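Below are the chains, spelled out letter by letter.
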Amino acid sequence: DAGVIQSPRHEVTEMGQEVTLRCKPISGHDYLFWYRQTMMRGLELLIYFNNNVPIDDSGMPEDRFSAKMPNASFSTLKIQPSEPRDSAVYFCASSFTALEDTIYFGEGSWLTVV
Amino acid sequence: GNSVTQMEGPVTLSEEAFLTINCTYTATGYPSLFWYVQYPGEGLQLLLKATKADDKGSNKGFEATYRKETTSFHLEKGSVQVSDSAVYFCALKYSSASKIIFGSGTRLSIRP
């Protein structure tokens, strides 16, 4: 079975531009998580979904960030407008149920905003 | 609230050295405890886990024992290899909850 698939793997964009990161979770998984990783703040949970519904978005840094999950096999994380401080690795992860111990991470989207 | 604290890195060792990465947690009740590993350029992947007190998780020569009395879950390996160079994350999760709480990560570098 394919793992969590993220795109793009790398993106360099100019400040002020819109950035859209995409994620396809593992088929059959009910939970989808978006994380951000930086040297300064480590690994932060931004938002997670259960059955396509956002459950907790308390980690979303500000209104410039938004996430959607229109169906069970696709999610997006959008930053508009982007700023240099948004430069980070963004990970998508999924798990089968709340009782599942393990969550499965994608390889990440490396974002650089110049 | 619930949290995980790990020793700060980076940790640099020579090949075949003994490894310990400390992890302590703050939580009520009985969470499951995990170590995740992140190799360069990749996402995190589960290394080992323990679901109750005194359980020992093990994988790829790594071990960690769930110590409730000291609220710890230290990662150990008897003889490290260059290929073990990675960032290691300690984490906890309640079975009834969706979220995993991660520590800040410890970068490990192994010299040949």
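Basis of the calculations
- Residues numbered from 1 in each chain as written.
- Chains lettered and ligands numbered in written order.
- Predicted model: local features only at pLDDT ≥ 70, side-chain atom pairs only at ≥ 80, totals over all residues.
- Heavy atoms only, no water.
- Contact = heavy atoms within 4.5 Å.
- Buried area = accessible area lost by both parts, 1.4 Å probe.
- Salt bridge = Lys/Arg side-chain N within 4 Å of Asp/Glu carboxyl O.
- Polar contact = N/O pair within 3.5 Å; in protein donor to acceptor, adjacent residues only side chain to side chain.
- Helix = DSSP H or I, 4+ residues; strand = E, 2+ residues; numbered from the N terminus.
- Nonpolar A, V, L, I, M, F, W, Y, C, P; charged D, E, K, R; others polar.
- Pairing = 2+ DSSP bridges.
- Axes fitted to C-alpha atoms, helices over the stretch in contact; angles between N-to-C directions.
- Phe/Tyr/Trp six-rings, centres within 6.5 Å; stacked < 30°, edge-to-face > 60°.
- Buried < 20%, exposed > 50% of the residue type's maximum accessible area, 1.4 Å probe, protein only.

Counting residues at the interface gives 21 residues for chain A and 20 residues for chain B. Here chain A packs against chain B, burying approximately 1600 Å² in sum over the two surfaces, 55% of which is carbon and sulfur. Connecting chain A to chain B are zero salt bridges. Linking chain A with chain B are three residue pairs in polar contact (both at pLDDT 80 or more). If you tally residues by element for the side of chain A that touches chain B, the top one is strand E4 (residues 31-38) of chain A, at four residues. In the side of chain A that touches chain B, the residues fall into 13 nonpolar, three polar and five charged.

Residues and elements named next belong to chain B. Judged by pairing direction, the sheet is antiparallel, and its four strands sit side by side in the order E3-E9-E8-E7 without closing on themselves. A strand with exactly one partner marks an edge of an open sheet, and here the two such strands are strand E3 (19-21) and strand E7 (56-59). Direction aside, neighbouring strands of the sheet carry axes that sit 20° apart on average.

With that settled, the discussion passes to the packing of aromatic side chains. The description of an aromatic ring pair rests on the distance of the ring centres and on the angle between the ring planes. Counted according to the given criterion, the structure contains 14 aromatic pairs over all chains. In this structure an aromatic cluster arises from ring pairing among Tyr31, Phe33, Tyr35, Tyr48, Phe91 and Phe105 of chain A together with Phe34, Tyr36, Phe89 and Phe102 of chain B.

Turning to the pairing of strand E1 (residues 3-6) of chain B, a few remarks are in order. All names here are of chain B. A one-sided burial pattern is seen for E1, the buried positions being Val4 and Gln6 and the unburied ones Ser3 and Thr5. Pairing geometry for E1 and strand E4 (residues 23-26), over four bridges, is antiparallel. Looking at the pairing, Ser3 lines up with Thr26 of E4.

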